[in-house]
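# Structural characterization, general
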Amino acid sequence: GGGGGGLRMLTGSCDETFNLWGYTDENGLTQELTSTGQDLGVVSMDVSPTGEFGATSSLDCVIRLVRIKTKEVEQIATIELPAPETWQVAYHPDPSREILGVAAGCVGGLRLYKSGVLDDGLKREICHIGPKPTTQASAMTTPPFALGCAFDPTGTKCAVSHSDGHIALYDVESQKHVLTFAGHSKPVRGLSFTADGTFLISACDDKTCNLYDTSSKNPIGSLNGHDSSVLCVERSGADGFCVTGSSDGGMKVWDLRNRSCVQTLSEHKEAVWSLALHEGAGRLASVSDDRSVCVYAVLQQ
């Protein structure tokens, strides 16, 4: 809903639950539901473009697909994996495609699933495309762990970040690797494309965010200013801004046009793990290890 009215949000936690929240500017956040169906902590969640469906990724190696109803969340399907082969999940931006992208955890790379297939007896996996580090050591036997996953706004490309710092860009239609982005050597935990899809922003344990032209493997600039690991990044509409969250609890708003920090937010006292923007309503939400959820008004620049 516009103006911050009638919004809803899902949050997941390491306490093996996820919560459904309602939000209005008048009443703030209201917890509508707590789900306890996970055997281990929830590490990632996403909501479909229509807001009707959601997906959770948990440490019990299960992806759960849910239907979001009024004050109710119904589990409709599960994808059970033999090992921690799932981390961040992301829905394709075109709801008619019914595709779920998954950072493939310990096997690296990208997994694509048919999110509209609800019968567990039918084939749901579309493909698994492996990681593509810039240098492959001949003695390497274990692939880097896939952490972050993000579709570009058109849904034609999907980027996956890894524990060794490399970010692989994949073509969704051809199901092939397109490009490997260099520039980090520590785990990259979050990714976000700009609204026009021209640039990709990374959030890395090296305390920086790199800005990549999606046609070039090397960064064209970086965002520097956090004092500890950057855990998440979210673009802020079509006006050239983004927001980042850090392990020290700090959040920063960046102007991508000159790569400068324009605001620092300090509401959280511990690590900020995830950010979500509702562009239509102009509201940004953050979640933290301090067990709090904050909602901010995003002002037009």
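Coordinates for the structure precede this section.
This structure is a prediction, so every number in the text was calculated from the model and none was measured.

So, on to the pairing of strand E9 (residues 99-103). Of all five residues making up E9, five are buried, and the element is well covered by its neighbours. Residues Ile99, Gly101 and Ala103 of E9 are buried on one face, and the alternating residues Leu100 and Val102, pointing to the opposite face, are buried as well. Remark: six residues form the turn of the hairpin made by E9 and strand E10 (residues 110-114), two consecutive strands paired antiparallel; glycine 105 in that turn has positive phi of roughly 55°.

For the rest of this paragraph, the subject is the side chain of threonine 180. Mapped onto the secondary structure, threonine 180 falls in strand E15 (residues 176-181). Here the side chain of threonine 180 touches lysine 132 through a polar contact of 2.6 Å, landing on its backbone oxygen. Polar contacts involving the side chain of threonine 180 include one to the side chain of histidine 177, which spans 2.8 Å. When residues no more than four places from it in sequence are discounted, the contact partners of threonine 180 are Lys132, Pro133, Thr134, His166, Ile167 and Lys217.

Taken together, the side chains of Leu40, Val43 and Leu59 define a hydrophobic patch exposed on the protein surface, amounting to about 220 Å² of accessible area. Locating valine 43 in the fold gives a position in strand E4 (residues 42-47).

Of all hydrophobic cores here, the largest spans 15 residues; its most connected members are Leu110, Leu112, Cys149, Phe151, Cys158, Val160 and Tyr170. Elements that contribute at least two residues to this core include exactly E9, E10, strand E11 (125-129), strand E12 (146-151), strand E13 (157-162) and strand E14 (167-171). No other element matches the three residues that E12 contributes to this core. Leucine 112 has contacts with Ile99, Leu100, Gly101, Arg124, Glu125, Ile126, Cys127, Phe151 and Val172, leaving out every residue within four places of it along the chain.

One non-glycine residue, glutamate 98, lies in the positive phi region at around 50°. Of note, arginine 259 is a non-glycine position whose phi angle comes to about 55°, a positive value. By the secondary structure assignment, arginine 259 is in the loop between strand E22 (251-255) and strand E23 (260-265). Here arginine 259 falls in the partly exposed class, since its relative accessible area comes to 36%.

The residue leucine 275 is located in strand E24 (residues 272-278) in this model. It is 21 Å that separates the C-alpha atoms of leucine 275 and valine 66, two residues lying 209 residues apart in sequence. Setting aside anything within four residues of it in sequence, one finds leucine 275 in contact with Cys232, Val233, Glu234, Val243, Thr244, Gly245, Met251, Leu284, Ala285 and Ser286.

Most of E14 is tucked away, with five of its five residues classed as buried. Where burial is concerned, the two faces of E14 agree: the one with Ile167, Leu169 and Asp171 and the one with Ala168 and Tyr170 are both buried. Pairing geometry for E13 and E14, over five bridges, is antiparallel. Paired with cysteine 158 across the two strands is tyrosine 170, which belongs to E14. As consecutive antiparallel partners, E13 and E14 are separated by four residues, and within that stretch glycine 165 has a phi angle of approximately 100°, a positive value.

Once that is clear, we can look at the packing of aromatic side chains. This structure, assessed with the given rule, holds two aromatic pairs. Centroid distance tryptophan 87 to phenylalanine 145: 5.4 Å. Interplanar angle 85°. Geometry classified as edge-to-face. In this pair, tryptophan 87 is assigned in the loop between strand E7 (72-80) and strand E8 (89-91) and phenylalanine 145 in the loop between E11 and E12, connecting sequence segments 58 residues apart. Aromatic side chains phenylalanine 181 and tyrosine 212 sit 4.9 Å apart centroid to centroid with 40° between the ring planes, which places their arrangement in the tilted category.

Here we come to the state of the cysteines. Going through the model one piece at a time under the given rule, you end up with zero disulfides. Here cysteine 158 is not disulfide-linked; the sulfur of cysteine 149 is the nearest cysteine sulfur, at 3.7 Å. For cysteine 158, a relative accessible area of 0% gives the class buried. Cysteine 232 supplies the cysteine sulfur nearest to cysteine 294, a cysteine that is in no disulfide, at a spacing of 12 Å. When its relative accessible area of 15% is taken as the criterion, cysteine 294 is described as buried.

What counts and what doesn't
Each chain carries its own residue numbering, running from 1 in the written order of its sequence. Given that the model is predicted, a residue must reach a pLDDT of at least 70 before its local features are reported, and side-chain atom pairs must reach 80 or more before they are shown or counted; all residues, however, enter totals for whole chains, interfaces and linings. Heavy atoms throughout the structure, all of them, feed into the side-chain values; hydrogens and water do not. Note on classification: 1.4 Å probe, protein chains only; a residue is buried when its accessible area is under 20% of the maximum for its type, exposed when over 50%, partly exposed between these limits. By the criteria applied, helices consist of DSSP H or I runs no shorter than four residues and strands consist of E runs no shorter than two, each listed in order from the N terminus. Pairing between two strands is assigned when DSSP locates at least 2 bridges connecting them. Polar contact criterion, stated in full: a pair of N or O atoms within 3.5 Å, where within protein one must be able to donate a hydrogen and the other to accept it, and residues adjacent in sequence count only if both atoms are side-chain atoms. The criterion used for residue contact is that any of the two residues' heavy atoms lie within 4.5 Å. For patches, a residue must show more than 30% relative accessible area and have no salt bridge; joins then use 9 Å for like charges and 5 Å for nonpolar side chains, namely Val, Leu, Ile, Met, Phe, Trp and Tyr. For the area figures, the Shrake-Rupley method with a 1.4 Å probe applies, and any residue is considered shielded solely by the protein chains shown. Whenever a carboxyl oxygen of Asp or Glu lies within 4 Å of a side-chain nitrogen of Lys or Arg, that contact is scored as a salt bridge. In plain words, nonpolar cores are sets of buried Ala, Val, Leu, Ile, Met, Phe, Trp, Tyr and Cys residues tied together by side-chain atoms within 4.5 Å. The pairing test for Phe, Tyr and Trp rings, Trp by its six-membered ring, is centres within 6.5 Å, and the orientation test on the planes gives stacked under 30 degrees, edge-to-face over 60, and tilted for anything in between. Any pair of cysteine sulfurs within 2.5 Å is marked as a disulfide.

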